[in-house]
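Each chain, written out:
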Amino acid sequence: MRWFMPRARRLPGIALLLAGVAFPVDAQTRGRDGTWFELQMGTGTGAVRNACGGCTTVTTAYGSASNIRVGRSVTPDVMVGLEIFAMHSATSSLALGLEELDAENAMISPIVMVYVGDDGFYVKGGAGLSRGTFTVIPEGQAPVTTTREGSGLTVGLGYDIDLAGGFGMSLNLGTYIMAIGDVRVDDLLVDDVIATVYEAGISVALW
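Residues numbered from 1 in each chain as written. Predicted model: local features only at pLDDT ≥ 70, side-chain atom pairs only at ≥ 80, totals over all residues. Heavy atoms only, no water.

## A closer look at the overall build of the chain
In step 1: Each helix and strand counted, the chain has one helix and eight strands in total.
In step 2: Written out in order from the N terminus, the α and β elements of the chain read α-β-β-β-β-β-β-β-β.
In step 3: The 207 residues of the chain split such that 46% are buried.
In step 4: The long-range share in the chain, meaning contacts at least 24 apart out of those at least 6 apart in sequence, stands at 65%. (Helix = DSSP H or I, 4+ residues; strand = E, 2+ residues; numbered from the N terminus. Buried < 20%, exposed > 50% of the residue type's maximum accessible area, 1.4 Å probe, protein only. Contact = heavy atoms within 4.5 Å.)

## Concerning the side chain of N172
In step 1: Tracing the chain through its elements places N172 in strand β7 (residues 167–185).
In step 2: Judged by its relative accessible area of 1%, N172 is buried.

## Regarding the packing of aromatic side chains
In step 1: Summed over the entire model, instances satisfying the criterion amount to two aromatic pairs.
In step 2: When the ring of F85 is compared with that of Y176, the centres are 3.8 Å apart and the planes differ by 5 degrees; the resulting orientation is stacked. Of this pair, F85 sits in strand β3 (residues 78–92) while Y176 sits in strand β7, and the two are 91 residues apart along the sequence. A single burial state applies to F85 and to Y176, both of which are buried.
In step 3: For the cation-ring pair, R32 lies above W36, with the distance from its terminal atom to the ring centre recorded as 4.5 Å. (Phe/Tyr/Trp six-rings, centres within 6.5 Å; stacked < 30°, edge-to-face > 60°. Lys NZ or Arg CZ within 6 Å of the ring centre and 35° of its normal.)

## Thoughts on the environment of G174
In step 1: Locating G174 in the fold gives a position in strand β7.
In step 2: On the accessibility criterion, G174 (7% relative accessible area) is buried.
In step 3: Note: C-alpha distance between G174 and V155 (19 residues apart in sequence) is 5.9 Å.
In step 4: With near-sequence residues (within four places) excluded, G174 lies in contact with V155, G156, V197, Y198 and E199.

## Regarding a nonpolar patch on the surface
In step 1: Together, F37, V70, L82, I84, I108, L129, L163, F167, V204 and L206 make up an exposed nonpolar region whose accessible area comes to about 840 Å².
In step 2: For the nonpolar patch, the secondary-structure elements that each account for two or more residues are β3 and β8 (188–206).
In step 3: Here V70 is to be found in strand β2 (residues 59–75). (Patch = residues over 30% accessible without salt bridge, like charges linked within 9 Å, V, L, I, M, F, W, Y side chains within 5 Å. Areas by Shrake-Rupley, 256 points an atom, 1.4 Å probe, with all protein chains shown as cover. Salt bridge = Lys/Arg side-chain N within 4 Å of Asp/Glu carboxyl O.)

## A look at the confidence of the model for the chain
Atom-level detail of predicted coordinates should not be read off regions where pLDDT is low.
In step 1: Of all residues in the chain, 82% have pLDDT values of 70 or greater, and the mean over the chain is 81.
In step 2: Mean pLDDT across the elements of the chain ranges from a minimum in helix α1 (residues 10–21), with 37, to a maximum in strand β4 (residues 101–115), with 95.
In step 3: Note on residues 1–29: pLDDT is under 50 here. Beyond four places in sequence and across chains, it has 45 contacts. (pLDDT = per-residue confidence, 0-100.)

Laid out in structure tokens, this is it:
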């Protein structure tokens, strides 16, 4: 599955995120109780840094980020859940000198969210499985897609805003470190690719 937001929408998305932090909502108490669901689509933006074995520099690409989270409260301060995250970039490159790729970095992982203080601020951590899908479109030829799986780690923070009973929004900042492994591009093997994705977004949440 691919989610795409044109580059022109990146700055409005970031502006909306920063504006949300300043919302003077009186009922900014923790709304997540019992089973909860959170969805972010089309409002996230991210950057991916690709490093590899033997590479002396890293490459950076920008794209759209989305995630889905579902979980349950263990205590009023602790939530456990499952997160599916993906970032799509049409201008990614695994190493300097290689042509650009259409790439998607995805990760699925159990997560733990811990609320800090008395309002909606939380920190998040998790570890799981990662997947990289890279498509080369040679001129005049059919696209060639390479897929690799590996492991990943995620850390982040966020802020919940309870808008109404059972409905709210969450402001997210996160980092996803994904060890993809070896990827072959145009008959060139790129060793030990590690993608680090930085993501910011706004989610709607039901709890």
